[in-house]
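A look at the structure
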Amino acid sequence: MAGDNSKKIVFSGIQPTGTIHIGNYLGAIKNWAELQNNPDYDCIFFVVDLHAMTVPYDALHFQTTIHNAVLDNLAAGLDPKKCTIFIQSQIKEHSELTWILNTITPLGELQRMTQFKEKAEEQKNEINAGLLTYPVLQAADILLYKTDFVPVGKDQEQHVEFTRTLARKFNSKFGEIFKEPAALIPRVGAKIMSLTDPSKKMSKSHGAESYIALFDSDEAIRRKIKIAVTDSEKETRYDPKNKPAISNLITIYHLFADQPIKEIEKRYAGKGYADLKKDLAEVIIDYLKPLRQKREKLEKNPDYVKNVLEQGRQKAQKIAAATMLEVKKKTGLI
Ligand code: AQP
């Protein structure tokens, strides 16, 4: 559990911005569920509600969305006996450290961030300052817990690199406090692509047909895979550069069925895409079934979830407060 100094700290989070999809799962949560079993690691995972406020959201139902994100993650395999789970906004030190880090962040670095540029393009009329300073909050999150490893999808690599830069800058300016964390990016599955446009990453903001939600119905999964775009040439072959759509489907198959890519290619060689798609839908459905059952059980047990979050809050609070005390001393605030 968090707090044992001999262990490496593994830390990562997810936004409560609606449904969690198989991109989030294969790129991040599945790895979290594996890493928590490693006795050398202290794993801390959190729901980043403050980050979710940088895009348009429904304040009236935000608590439900946050609660659902916790349920999703527990159902997807996070085990509170093996890791710490908490909600970002319940630890005020995240906001406090963000301000301090803001004062050493060059504006130009933030303006160069790929995610900022993409989101700013998507919400041209609502480019708030939070969207720009998102990576500073993320750096504060990571650095507060003296994190060693950040398991994330490929899209977050740049933000982790930025966190390392800020840690170095803070340490050289005020004195050594922070560790420089390393991103843990899966070899396969780090960037699951959209089902409707394989040139873009699978994302909740690109329409429900473009992703498979972790708790989609069986019918929805079959339909979405059936209508997923394919490549022009009919051969079933793993070749991300020339056949991005089919390679994406093969990657998803490989990760959910735990079968080698070569074997999958061989099985569907000479057959049309329809066979691969039909079987892939069933592979996903079979894999997700126990997760759905677990979620249904969790839904009936709000006290358990409440208790998990309170335990998580207490543990996170202790670590964050201790780091913040060091930061305040070094920066001359106390
Ligand atoms: N397509 C993806 N493939 C692999 N990993 C992915 N992640 C996100 N999309 C993919 C990883 O999931 C973790 C949680 O990410 P997040 O909460 O920041 O979600 P997101 O990236 O905002 O997800 P979306 O669906 O793309 O949301 P919108 O549409 O709002 O931008 C991270 O580790 C991320 O790398």
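The present account deals with the structure reproduced in this document. Predicted, not measured: the structure shown is a model, and the values here were computed from it.

1. Observations concerning the pattern of salt bridges
Two side chains of opposite charge can pair, provided their charged atoms sit close to one another. Here the structure, examined in full by the defined rule, presents 24 salt bridges. Residues Lys179 and Asp148 are paired through a salt bridge, measuring 3.1 Å at the closest nitrogen-oxygen approach. Of this pair, Lys179 sits in the loop between α8 (157-174) and β5 (182-184) while Asp148 sits in the loop between α7 (129-144) and β4 (149-151), placing them 31 residues apart in sequence. Taking the relative accessible area as the measure of exposure, Asp148 reaches 11% and is therefore buried. Of the charged contacts, one joins Glu180 and Arg168 as a salt bridge, the two residues approaching to 2.7 Å between their closest N and O atoms. In this pair, Glu180 sits in the loop between α8 and β5 while Arg168 sits in helix α8, placing the two residues twelve residues apart along the sequence. For Glu180, a relative accessible area of 33% translates into the label partly exposed. Relative accessible area serves as the criterion here: at 39%, Arg168 is assigned to the partly exposed category. Connected via shared salt-bridge partners are Glu161, Arg164, Arg168 and Glu180.

2. With respect to the site of the ligand
The immediate surroundings of the ligand are formed by 22 residues, with His21, Lys119, Asp155, Ser203 and Ser205 found nearest. Lys204 is positioned such that a nitrogen or oxygen atom in its backbone is 2.7 Å from an oxygen atom of the ligand. Here the ligand loses 95% of its free accessible area of 650 Å² to cover by the protein chains. For the shell around the ligand, the secondary structure elements donating two or more residues are β1 (8-14) and α1 (22-35). Looking at which element gives the most residues to the shell around the ligand, the answer is α1, with four residues. When its residues are assigned to classes, the shell around the ligand shows six nonpolar, eleven polar and five charged.

What counts as what
- Residue numbers here run from 1 along each chain, matching the order of that chain's written sequence.
- Since the coordinates come from a predicted model, pLDDT governs what is reported: local features require at least 70, and pairs of side-chain atoms require 80 or more to be given and counted, while whole-chain, interface and lining totals use all residues.
- Note that water and hydrogens are dropped before the side-chain values are worked out from all heavy atoms of the structure.
- Basic side-chain nitrogens of Lys or Arg form a salt bridge, by our definition, when they fall within 4 Å of a carboxyl oxygen of Asp or Glu.
- Per the convention used, a helix needs a DSSP run of H or I reaching at least four residues, while a strand needs a run of E reaching at least two, with both numbered from the N terminus.
- Per-residue accessibility, obtained with a 1.4 Å probe over protein chains only, is compared with the maximum for each type, and a residue is labelled buried under 20%, exposed over 50%, and partly exposed between these values.
- Residues are counted as near a molecule or strand when any one of their heavy atoms sits within 4 Å of it.
- Two N or O atoms count as a polar contact when they lie within 3.5 Å, although within protein this holds only if one can serve as hydrogen donor and the other as acceptor, and sequence-adjacent residues are included solely when both atoms are side-chain atoms.
- Values of accessible area rely on a 1.4 Å probe in the Shrake-Rupley scheme; residue burial ignores everything except the protein chains shown.
- Under the scheme applied here, ten amino acids are nonpolar (Ala, Val, Leu, Ile, Met, Phe, Trp, Tyr, Cys and Pro), four are charged (Asp, Glu, Lys and Arg), and all others, including Gly, are polar.

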